[in-house]
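So the chains spell out like this:
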Amino acid sequence: MVKGLVKKYGDEAAVDGLDLTVKEGEIFGFLGPNGAGKTTTVRVISTLADFTEGEISIGGYDIRKDQKEAKKLMGVVQQHISLDKDLTVRENMMYRALTQKIPAEKRKERIDKLAEYIGLEEYMDRTIDSLSGGWKKRAAIVGSLLHEPKVLFLDEPTVGLDIQARRLIWDLIRKLNDKGTTIFLTSHYIEEIEALCGTVGIINKGKLIAHGSPSDLCNRVGSTAVEYHGPNHATQYKYFSSRNEANDFASSLDETHTVLIRNTSLEDCFVELTGRKVGDE
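All of the points below concern the structure found in this document. (Residues numbered from 1 in each chain as written. Predicted model: local features only at pLDDT ≥ 70, side-chain atom pairs only at ≥ 80, totals over all residues. Heavy atoms only, no water.)

Our focus in this paragraph is the packing of helix H5 (residues 133-145) against helix H6 (residues 163-178). Relative to each other, H5 and H6 sit at 20°, their axes nearing to 10 Å. Between H5 and H6, the angle is such that the two are roughly parallel. Where H5 crosses over H6, the handedness of that crossing is right-handed. Contacts from Gly134, Lys137, Arg138, Ile141 and Leu145 of H5 reach H6 at Ala165, Leu168, Ile169, Leu172 and Leu176. In terms of residue class, the contact of H5 with H6 is made up of seven nonpolar, one polar and two charged. (Axes fitted to C-alpha atoms, helices over the stretch in contact; angles between N-to-C directions. Helix = DSSP H or I, 4+ residues; strand = E, 2+ residues; numbered from the N terminus. Parallel < 35°, antiparallel > 145°, perpendicular 65-115°, else oblique. Left-handed = near helix turned anticlockwise from the far one by under 90°. Contact = heavy atoms within 4.5 Å. Nonpolar A, V, L, I, M, F, W, Y, C, P; charged D, E, K, R; others polar.)

Here it is, written out as structure tokens:
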């Protein structure tokens with residue numbers, strides 16, 4: 001639960017009065033353009049950065065008053081891999097297990113179990129620097145799960161990965177969620193949010209401007225889109241609550257227009273609400 005969250009850098013608010021609730025056991029998608037406040041929000045909620053105003057609780061624990069208990073419930077995978085590139089995956093995991101104060105008799109068992117679960121067994125004795133981006137990300141996820149968190153924060157987990165690696169990470173996210181882990185996923189990839197998330201929050205300029213299921217958000221704009229362009233080739237969009245209304249509008253355009261009638265997408269919703277494309281600076 002986040003209430004009235006403000007995070008300022010000098011006089012500028014990177015997060016500005018954010019209210020947010022994520023349900024236990026869901027995959028929550030936090031969508032926004034670059035610089036919208038997604039990463040700052042994750043860093044603050046996961047106790048990696050302080051905040052200016054507001055209240056934050058994880059599993060009922062206030063992160064300022066009960067930070068130690070709150071941190072036990074959280075795992076975090078940041079955009080930039082924080083593993084030691086010169087150590088092997090196993091050595092990195094052992095170091096993480098030590099810092100997380102996992103008892104010595106449980107460390108190896110837990111590392112081996114997670115490596116098998118995520119499919120990392122054959123890579124455990126390779127250095128981080130020798131792995132591809134997708135396998136580095138998997139190793140980082142293993143490190144974040146060693147203390148068995150209830151909530152996993154994934155900040156842009158597939159940025160820079162190819163399509164195949166991205167889909168493998170998607171499968172892993174679903175697998176973790178099926179086992180009961182609550183996932184808080186930030187992304188500016190629309191297709192990632194649509195593929196994974198039951199609930200979506202859209203943030204722009206530090207403010208939460210929309211919240212709901214992907215279909216609910218699309219219906220706010222109109223469930224059916226008409227995409228059309230005329231001789232000047234400038235594409236325009238109009239949204240309607242029914243296919244019949246969309247068909248009527250399309251029929252009113254003359255033959256110089258090229259017309260496509262389709263379901264409204266989450267990207268349509270984002271652009272309509274923010275005036276910006278996903279990924280814009």
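Moving on, we get to the side chain of Arg166. Inspection of the secondary structure puts Arg166 in helix H6. Given a relative accessible area of 11%, Arg166 falls into the buried group. In this structure, Arg166 is in contact with Thr158, Leu161, Tyr189, Glu191 and Glu192, ignoring residues within four places of it in sequence. (Buried < 20%, exposed > 50% of the residue type's maximum accessible area, 1.4 Å probe, protein only.)

Turning to the pairing of strand E3 (residues 27-31), a few remarks are in order. Counted residue by residue, E3 has five buried out of five residues, so it is predominantly covered. Neither face of E3 is left uncovered, since the one carrying Ile27, Gly29 and Leu31 and the one carrying Phe28 and Phe30 both have all their residues buried. Bridging between E3 and strand E8 (residues 182-187) involves five bridges; their strand directions are parallel. Looking at the pairing, Gly29 lines up with Leu185 of E8. The sheet contact formed by E3 and strand E9 (residues 199-204) spans four bridges and is parallel. Looking at E9, one finds that Phe28 is bridged to Thr199. (Pairing = 2+ DSSP bridges.)

Here we take up helix H4 (residues 104-118). In an α-helix, one turn spans 3.6 residues; hence positions three or four apart end up facing the same way. Over its 15 residues, H4 extends 22 Å from the first C-alpha to the last, a length consistent with the 21 Å expected when each residue adds 1.5 Å. Taken residue by residue, H4 has Arg107, Arg110, Ile111, Leu114, Ala115 and Ile118 as its buried positions. For H4, the buried positions fall inside an angular range of 130° around the axis, keeping them on one side. Exposed positions of H4 whose direction lies more than 90 degrees from the buried face are Glu105, Lys108, Glu109, Lys113 and Glu116. Along its buried surface, H4 packs onto helix H3 (89-99), H5 and H6. Phi turns positive one or two residues past the end of H4, at Gly119, with a value near 90°. (Expected span 1.5 Å × (residues − 1). Arc of directions from axis to C-beta.)

Time to look at the sheet that holds strand E13 (residues 258-263). Spatial strand order, E12-E11-E13: three strands in an open sheet with antiparallel pairing. What marks the edges here is a single partner per strand, and that holds for strand E12 (236-240) and E13. Each strand of the sheet is rotated relative to its neighbour by a mean of 20°, with strand direction disregarded. Note that strand E11 (residues 224-229) and E12 share five bridges and pair antiparallel. Paired with Val226 across the two strands is Lys238, which belongs to E12. Across the face of the sheet, helix H9 (residues 243-252) comes into contact with E11, E12 and E13 while running at roughly 175° to E13.

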